[in-house]
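Tertiary structure, described
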Amino acid sequence: MKQKILSIDDSKTIRLLLARMFRPFQIELREAGNGEEGLAQAKELRPDLIILDYNMPVMDGVTMLQHLRSEPELRSIPVIMLTAESNPKVISTVARLGVRDYVVKPFQEQALIAKVSKIIALHSQETGS
Amino acid sequence: MTNPLSQQELIEIANRSVPEVWRTQIKKEVQPSPILNLPIPSPRIATVAWTSSSGSGEMVLTISSAGAHSVAQNLLGTSGNGVTEETDLDDVVGELCNMVAGRVSTELRDRGLTGTLHPPVLSRTSPTGSANPPTPTLCRTHWTCGDYSFTFSIDIHPNAS
């Protein structure tokens with residue numbers, strides 16, 4: 001069965017970059033351009049992992065995370081933040097909201113793929129899926 | 001108040017940040033350009049604002065349209081997969097500036113200047129109407145990568161108090 005990843009970023013460039021990176025793998029990648037669209041996609045798709053930006057219009061990454069964690073059926077979905085923001089206050093806020101990893105741009109593609117793979121495998125073990 | 005970092009310190013930060021982003025994300029090496037103040041043809045300009053409790057500033061990337069196409073191809077695949085509109089090319093330049101600004105902001109944080117980045121703002125001309133940005137007060141660096149050139153500047157001001 002294909003693993004499902006939801007990429008939420010207002011930059012089309014990042015969404016295209018992630019699509020190129022994960023194309024060789026057995027992964028279904030969906031995209032959303034802001035937190036609100038991302039939340040709707042998460043409800044429909046129930047992804048195995050979300051890669052989330054922080055700074056977005058309409059609904060930012062922190063607000064989206066708060067909504068995600070308040071929904072019983074969505075709260076266990078693992079999230080990786082992928083952002084240019086390295087402000088410690090932001091990092092500590094999203095850590096409290098259960099983010100599994102925090103990747104600051106620029107990033108090594110292979111390192112991100114390894115993190116994604118590890119977190120999806122761990123989540124599968126935790127949920128027995 | 002004096003600026004929290006000297007011009008030389010900002011140039012050193014830019015000289016570490018720009019090559020790292022190109023090497024990591026674009027898979028290309030860049031060279032500092034010996035040619036100063038030549039205009040960038042058909043420029044695309046991305047500006048990322050940075051704000052903190054002690055000051056504010058902006059980081060500006062100016063690159064030619066041909067350079068932006070080349071970056072898109074290296075970043076997204078041989079044909080620049082998915083980059084079909086002019087706004088897509090602007091988005092590539094904005095994201096590239098965002099990445100360099102992220103690298104700069106991390107280094108500023110490590111020096112005790114913790115700030116927040118704002119989304120990139122794109123333009124084809126500088127706020128003064130010229131095709132290239134006005135001379136920044138602190139740091140402007142010039143680069144070449146293959147057959148295109150670009151500039152990256154950092155301008156940080158302390159809060160007036």
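Residues numbered from 1 in each chain as written. Chains lettered and ligands numbered in written order. Predicted model: local features only at pLDDT ≥ 70, side-chain atom pairs only at ≥ 80, totals over all residues. Heavy atoms only, no water.

A look at the sheet that holds strand β5 (residues 101-104) of chain A
All names here are of chain A. The strand order across the open sheet formed by five strands is β2-β1-β3-β4-β5, and the pairing between neighbours is parallel. The open sheet has two edge strands, β2 (27-32) and β5, and neither has a second partner. Averaged over neighbouring strand pairs, the angle between their axes works out to 20° when direction is ignored. In the sheet, strand β4 (residues 79-83) pairs with β5 via four bridges, with the strands oriented parallel. Looking across to β5, one finds that Leu82 is bridged to Val103. This element, helix α1 (residues 12-22), spans β1 (3-8), β2, β3 (49-52) and β4 of the sheet and lies at about 180° to β2. (Pairing = 2+ DSSP bridges. Helix = DSSP H or I, 4+ residues; strand = E, 2+ residues; numbered from the N terminus. Axes fitted to C-alpha atoms, helices over the stretch in contact; angles between N-to-C directions. Contact = heavy atoms within 4.5 Å.)

Quick notes on the nonpolar core
In a soluble, globular protein the nonpolar side chains are often hidden away together inside. Judged by nonpolar contacts, the single largest core of 61 residues is most densely connected at Trp22(B), Leu108(B), Phe150(B), Phe152(B) and Ile154(B). If one sorts the elements of this core by residue count, helix α3 (residues 86-110) of chain B sits on top with ten residues. Aside from chain neighbours lying at most four places away, what touches Ile154(B) is Leu10(B), Ile13(B), Ala14(B), Glu58(B), Met59(B), Val104(B), Leu138(B) and Cys139(B). Grouped together as the second largest cluster of nonpolar side chains are 24 residues, Ile8(A), Ile50(A), Met56(A) and Leu97(A) included. (Core = buried A, V, L, I, M, F, W, Y, C linked by side-chain atoms within 4.5 Å. Buried < 20%, exposed > 50% of the residue type's maximum accessible area, 1.4 Å probe, protein only.)

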